[in-house]
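Descriptive analysis of the structure
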Amino acid sequence: MENITFIYCDTYEEAITNTDLVVSAVTKADKNFVADKCFKQGVTVIPICKLGFQNCDLFFDKVFTDEIEQIRGFKYFNKFKSVANVSDVLNLKKKGRENNEERIIVYNYGLGIHNLYFAKKFYELADVNDVNYSYPKSKYFI
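The subject of this paragraph is the nonpolar core. Membership of the largest hydrophobic core comes to 21 residues, with the highest contact counts inside it found for Ile 16, Phe 39, Val 45, Phe 53, Phe 60 and Ile 105. Setting aside chain neighbours within four positions, we find Phe 53 in contact with Ile 16, Val 22, Ser 24, Asn 32, Phe 33, Phe 39, Val 45, Pro 47, Ile 105 and Tyr 107. Listed in part, the five residues of the second largest apolar core include Ala 84, Val 89, Ile 104 and Val 106.

This is the structure we're talking about:
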């Protein structure tokens, strides 16, 4: 994959600013990770947990989800500019990205298969043979 670059960042701002795709697996956050201005036009954000990204709900152009009913209770649900099920986009019932400036956030909570697919791809890109992993003993772990 020639058009993908992985870099290490020391701050959330450095990781998110000018990034085309943000995938987050953080499960606990006490506040939003970055200010609105850090999310460039055209960014797609895919958080496994919505914490840390609630500010996006107020100004992103589109929200996609695997099931609207499961996110209806989100704090800013009634302020989404546009919300649609991913399946409706794939079946051409709703429009997906319409231009390169749209900011899109994707809340897919019910499809664990996505998590497994992306984890497999990241593992393959890491080009490692053996990884020591310490299984969690509590709800939140690093």
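From this point, the discussion proceeds with the structure in view.
Quick look at the layout of surface pockets now. If you add up the space inside the largest pocket, you get close to 1,800 Å³. Lining of the largest pocket is provided by 38 residues; of these, Phe 6, Leu 21, Val 22, Val 23 and Phe 122 occupy positions nearest its centre. Only α1 (12–16), β1 (21–24), β2 (44–47) and α5 (112–126) provide two or more residues apiece to the lining of the largest pocket. Top contributing element to the lining of the largest pocket by residue count: α5, with nine residues. Residues that form the lining of the largest pocket fall into these classes: 26 nonpolar, nine polar and three charged.

Another point: the pattern of salt bridges. One pass over the full model with this rule turns up seven salt bridges. The salt bridge involving Asp 20 is made with Lys 40; its shortest N-O contact spans 2.5 Å. With Asp 20 in the loop between α1 and β1 and Lys 40 in the loop between β1 and β2, this pair connects stretches of sequence that are 20 residues apart. Measuring nitrogen to oxygen at the nearest pair gives 3.9 Å for the salt bridge that ties Asp 61 to Lys 81. Remark: Lys 81 occurs in the loop between α3 (68–71) and β4 (83–85) and Asp 61 occurs in the loop between α2 (56–59) and β3 (62–65); sequence separation between them is 20 residues. Three or more residues are tied together by salt bridges with common partners; here these are Lys 62, Lys 95, Glu 98 and Glu 102.

Per-chain confidence: the protein averages 84 in pLDDT, with 84% of residues scoring 70 or above. Ranking the helices and strands of the protein by mean pLDDT puts α2 first, with 96, and α5 last, with 72.

Okay, the sheet that holds β4 next. Spatially, β1-β2-β5-β3-β4 is the arrangement adopted by the five strands of the open sheet, whose pairing is parallel. Every other strand in the sheet has two partners, leaving β1 and β4 as the edge strands with one partner each. Going from strand to strand, the sheet's axes swing by 20 degrees on average, the running direction of each strand aside. As paired elements, β2 and strand β5 (residues 104–107) share two bridges and run parallel to each other. Across the sheet, the residue bridging to Thr 44 is Ile 104, located in β5.

A separate point is a nonpolar patch on the surface. On the surface, a nonpolar cluster with roughly 760 Å² of combined accessible area is contributed by Ile 4, Phe 6, Leu 21, Val 23, Tyr 117, Phe 118, Phe 122 and Leu 125. Considering each element in turn, the nonpolar patch owes the most residues, four residues, to α5. Tracing the chain through its elements places Leu 125 in helix α5.

Definitions and limits used
- Residues numbered from 1 in each chain as written.
- Predicted model: local features only at pLDDT ≥ 70, side-chain atom pairs only at ≥ 80, totals over all residues.
- Heavy atoms only, no water.
- Core = buried A, V, L, I, M, F, W, Y, C linked by side-chain atoms within 4.5 Å.
- Buried < 20%, exposed > 50% of the residue type's maximum accessible area, 1.4 Å probe, protein only.
- Contact = heavy atoms within 4.5 Å.
- 1 Å grid on protein atoms, 1.4 Å probe; cavity = no way out; pocket = protein on both sides within 12 Å on 5 of 7 lines; lining within 4 Å.
- Points joined across faces, edges and corners; volume = space filled by probe spheres on them.
- Helix = DSSP H or I, 4+ residues; strand = E, 2+ residues; numbered from the N terminus.
- Nonpolar A, V, L, I, M, F, W, Y, C, P; charged D, E, K, R; others polar.
- Salt bridge = Lys/Arg side-chain N within 4 Å of Asp/Glu carboxyl O.
- pLDDT = per-residue confidence, 0-100.
- Pairing = 2+ DSSP bridges.
- Axes fitted to C-alpha atoms, helices over the stretch in contact; angles between N-to-C directions.
- Patch = residues over 30% accessible without salt bridge, like charges linked within 9 Å, V, L, I, M, F, W, Y side chains within 5 Å.
- Areas by Shrake-Rupley, 256 points an atom, 1.4 Å probe, with all protein chains shown as cover.

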